[in-house]
Amino acid sequence: SAKELKEKYYNENVIIASLNHRYLKRQLDDLGFKNYFDVDFLFNDINFDKIVGNTWNNERILKQLDLLNFSLNASRSSKNLNLNSLDIVLTEKCSLKCKHCSNLMQYYEKPQMAEYELLTSSTDTILNNVDYVYEWRILGGEPFIFRNLAKYLLHLKKHSNYGNIIIYTNGTIVPKKELIYAIKESKSIVDISNYGSHSRKLEELTICLKENEIPFACKEPEWTDSGRVTPKQDLPQNKLEERFFNCCTKDVLTLLHGYLYRCPFSANLMNLSDHYLNETDRIFVNNFHFGVREKIKSLYRDKSFLSACDNCNGR
């Protein structure tokens, strides 16, 4: 705990090894620590082939370290605006209806598709105002339902300031030839959530991706108790900040119907009902939005909690 750290180890060196580094540093600053360091200086001396008892393969380790390096370098620059990831919600419609969906799709009674012109204009505005996005994550609902997905993937090619495009699907739909072409052309990666028998097209989908030499991953989802809206808890600010600090999706910016949000829970909660609306926790982005870069920077760097944290069970 912070209290124990200060009482017992105040004069020790602290090495931060976490994607939570910005928030850990904020805590350490509040405690008066001066002798803390980022972990990246150690990486060059580590031989990952000799790690014993590790449950991740080397490729996944290196990918996570690359993301951490990117995040650390981004945080060291006050001038550049580099984002870890951005979720693009193409549709609220889904071919499954998981009752614990952490993106709250189960709450939509009349799910809507993204309006294509608004989607592309807000995409262009974001990419024209940030320096780089490490992961461009395409999801829904079920993104393969979105009829303009192929067109959207090809539209993204006009930009070059993002890393991997990842399409998240539930294994119920096999894309047609036009979409397969666009996935290949955009060099997208397909990430499949395996829901067992509910992913009824899983085998057909994986065969299709292999035949077309499209990189993909397939894994069973890890369920958490974050897929429900709790009644407002009226938590004090320090508890809201603690919940926000511990959340694994607080840095997953989300674009939904032209609005940019700090996290997917906040995005879908406010989209579901005006009852949860807090305009300070979102930005409307389009080609004519003045000062959008500074607004994105503030949303991404300055928030210590969101109003939605009071209706979230934590993640």
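Described below are features of the structure shown in this document. Keep in mind that what you see is a predicted model, and the values were worked out from it rather than measured.

Rules used in this analysis
Residues numbered from 1 in each chain as written. Predicted model: local features only at pLDDT ≥ 70, side-chain atom pairs only at ≥ 80, totals over all residues. Heavy atoms only, no water. Pairing = 2+ DSSP bridges. Helix = DSSP H or I, 4+ residues; strand = E, 2+ residues; numbered from the N terminus. Right-handed = clockwise from strand over helix to strand, strands pointing away. Phe/Tyr/Trp six-rings, centres within 6.5 Å; stacked < 30°, edge-to-face > 60°. Buried < 20%, exposed > 50% of the residue type's maximum accessible area, 1.4 Å probe, protein only. Lys NZ or Arg CZ within 6 Å of the ring centre and 35° of its normal.

**Observations concerning the pairing of strand β5 (residues 162–169)**
Across five bridges, strand β4 (residues 132–139) lies against β5 in parallel orientation. Looking across to β5, one finds that I138 is bridged to I167. Following the backbone out of β4, through helix α5 (residues 149–156) and into the adjacent parallel β5, one traces a crossover that is right-handed. Examined bridge by bridge, β5 and strand β6 (residues 189–193) share four bridges and lie parallel to one another. When the bridges of β6 are listed, T169 appears paired with I192.

**Considering the packing of aromatic side chains**
Applying the stated rule across the entire model yields nine aromatic pairs. Each ring, one from F70 and one from Y134, has its centre 5.2 Å from the other, and the planes form 45 degrees; the classification is tilted. Pair noted here: F70 is in helix α3 (residues 58–76) and Y134 is in strand β4, with a separation of 64 residues, a long-range link. We note that F70, like Y134, is buried. Centroid distance Y195 to W223: 6.0 Å. Interplanar angle 45 degrees. Geometry classified as tilted. In this pair, Y195 is assigned in the loop between β6 and α7 (202–211) and W223 in the loop between β7 (216–219) and α8 (237–246), connecting sequence segments 28 residues apart. Its relative accessible area of 23% is what places Y195 among the partly exposed residues. Just above the ring of Y300 sits the side chain of R22; from NZ or CZ to the centre is 5.0 Å.

All we've got here are geometric facts, nothing functional implied.
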